[in-house]
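Architecture and fold: a report
Residue-level listing of the chains:
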Amino acid sequence: MSGSKRTYYLTTPIYYVNDAPHIGHAYTSLACDVLARFKRLDGFDVKFLTGTDEHGQKVEKAAGMAGLAPKTFTDKVSQNFRDLAKAMNFSNDDFIRTTEPRHIRSCQALWRELLKRGDIYLGSYAGWYAVRDEAFYAESELTQTADGKRVAIASGAEVEWVEEPSYFFRLSAWQDRLLAYYEANPDCIAPTSRRNEVISFVRSGLQDLSVSRTTFSWGVPVPDDPAHIMYVWLDALTNYITAAGYPDTEGDFARYWPADLHMVGKDILRFHCVYWPAFLMAAGIAPPKRVFAHGWWTNEGQKISKSVGNIIEPLALIERYGLDPVRYFLLREVPFGADGDFSHKAMITRMNSELANDLGNLAQRVLSMINKNAAAQVPAHDAFTDEDRAMLDPALRLVERLRPLIDAQAFHEALEAIWVVVRAANGYVDRQAPWALKKTDPARMDTVLYVLAEVLRALGLVMQPFTPDAAANLLDQLAVAPEARSFAAIGRALISGQALPKPQGIFPRFIEEGAEPAGAA
Ligand code: ME8
């Protein structure tokens, strides 16, 4: 154990392997990655988990369509999600697959615990099931389409009638305790609109939940009754404790559980905020501290779907715009929690006006002036004027400003807070006009450039979670030592006389094809 370091355990949903990863998957994991990096830089002992959800009818069907045995299929498709994590520069500490032995052991241990405590009983199920959502629906949650199909109102997924022997989880018995848990933990579901949605769903009454299936076999066998496999959501949710070491409740489990945050899309709120805390409380395990449900992306105004054929592939975006601009865009464009629309026009505007013009140009101007006029060294400085202080202080206090915003998952506000400083620095350069001071007052020019170099250092530090490569590049150009890049090192000011490398751009402009001068390329 690493002593007294505060821990922070956060998770992404584990993604179904029936599909190739798309922008929505990248988005959730990106938000977690930024949080994980922020917390590590802020001195926390972080555990960041992601992975793949590989059991259930939906995956079994997809394997069948691909003409492969489920295990062969899931081995192949799970790798796509690992590749995505690498391509997006995600810093996850673990990648869990629900087909792993550690997970099967964990699910079966949880099952035994629930059975022992009387919260699981054998019965039979007759009702509606949507394979696409892997969810049971009550009659009142369904509607009929124009062509006579029965679909879930919430998701539009088609349902089928299922009748089979089934184990049930006594969810109905947990209604009051769930409501008491929400009441006692005001931050356990965010944003507030989602919290209200969950509370009103639970208030409306809960029915016992079918937690096993017998009509197919791709799942975790129920202990001592292998004709049943566990309902895929009971299996999937359990991943969060498996990765913390369950059923061993010492070591990592004692250190990291309860999780600080489950990040999810709004589509899977009920599973995480109703079923999951009920399963855990029923097994005598503490529920997670917080679930944040973010919004959904559409593509140029349209719902993203395989059948429409408008899936946005993260790899194609990265290839076109570069990784860090894509990471920046996704968290800057839309208030985190709300739905958002992806458009190439918006991507290019953010990339060019904010990254290239505001921050990229600032760094380029300052670093090349230092290179040319301050002997390629961190400049010397005199006492700071009030204007220098008014520039420096908010920059050096950015981490304090960002902490509560990151804890609230308000990534867009965090970036806006950083940009307040970026814009102030551009204004400061214009007003101080260091190029003009070169002849009239070179010592003052040095001080101004020193202030700006310090501001760039602060910006480089706080941009690390969002745009890790570009931030590292900026800090390299300021010769900030690797051990001086944590947030605790914000007070380690640049030392005058330190040699600096030759400047290079950090955020290139995006030039649209066809926008080049005629004859170019
Ligand atoms: O639900 N916009 O897996 P899944 C934003 N296996 N986010 C999106 C999105 C979009 N258009 N589309 C998908 C499952 N997502 C289960 C989870 S967890 C114990 C089991 C993201 O592959 C969003 O995070 O269908 C959503 O919750 C998740 O992908 C669903 O991924």
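Going by the structure above, here's the rest.
To start, this report covers the structure provided alongside it. (Residues numbered from 1 in each chain as written. Predicted model: local features only at pLDDT ≥ 70, side-chain atom pairs only at ≥ 80, totals over all residues. Heavy atoms only, no water.)

Comments concerning the layout of surface pockets
The calculated volume of the second largest pocket comes to roughly 410 Å³. Forming the boundary of the second largest pocket are 20 residues, of which Tyr-137, Ala-138, Glu-141, Gln-207 and Asp-208 lie nearest the centre. Those elements giving two or more residues to the lining of the second largest pocket turn out to be strand 4 (120-130), strand 5 (135-137), strand 10 (209-210) and helix 10 (269-282). A per-element tally of the lining of the second largest pocket places strand 4 first, with three residues. Considered class by class, the residues forming the lining of the second largest pocket number 11 nonpolar, six polar and three charged. (1 Å grid on protein atoms, 1.4 Å probe; cavity = no way out; pocket = protein on both sides within 12 Å on 5 of 7 lines; lining within 4 Å. Points joined across faces, edges and corners; volume = space filled by probe spheres on them. Helix = DSSP H or I, 4+ residues; strand = E, 2+ residues; numbered from the N terminus. Nonpolar A, V, L, I, M, F, W, Y, C, P; charged D, E, K, R; others polar.)

Description of the pattern of salt bridges
If you walk through the whole model with that rule in mind, you get 33 salt bridges. For Asp-248, the salt bridge identified is with Arg-105, shortest N-O distance 3.3 Å. Residue Asp-248 is found in the loop between helix 8 (239-242) and helix 9 (252-256), and its partner Arg-105 is found in helix 4 (residues 101-116); the two are separated by 143 residues along the sequence. The partly exposed category is assigned to Asp-248, whose relative accessible area is 43%. A salt bridge links Arg-457 to Glu-454; the shortest N-O distance between them is 2.7 Å. Here Arg-457 and its partner Glu-454 are both found in helix 18 (residues 442-463), three residues apart, which amounts to about one turn of the helix. The class of Arg-457 is buried, set by a relative accessible area of 2%. (Salt bridge = Lys/Arg side-chain N within 4 Å of Asp/Glu carboxyl O. Buried < 20%, exposed > 50% of the residue type's maximum accessible area, 1.4 Å probe, protein only.)

A word on the site of the ligand
Neighbouring the ligand are 22 residues, the closest being Ile-14, Tyr-16, Thr-28, Asp-53 and Asp-267. Within the side chain of Thr-28, a nitrogen or oxygen atom sits 2.6 Å from an oxygen atom of the ligand. Between the ligand and Gly-265 there is a distance of 3.0 Å, counted from an oxygen atom to a backbone nitrogen or oxygen. Protein chains shield 95% of the accessible area of the ligand, which is 670 Å² for the free molecule. Of all the elements in the fold, those that place two or more residues in the shell around the ligand are strand 1 (7-16), helix 1 (23-41), helix 7 (232-237) and helix 8. Per-element tally for the shell around the ligand: the top contributor is strand 1, with four residues. (Near = heavy atom within 4 Å. Polar contact = N/O pair within 3.5 Å; in protein donor to acceptor, adjacent residues only side chain to side chain. Areas by Shrake-Rupley, 256 points an atom, 1.4 Å probe, with all protein chains shown as cover.)

None of the figures reported here should be taken as evidence of function without further support.
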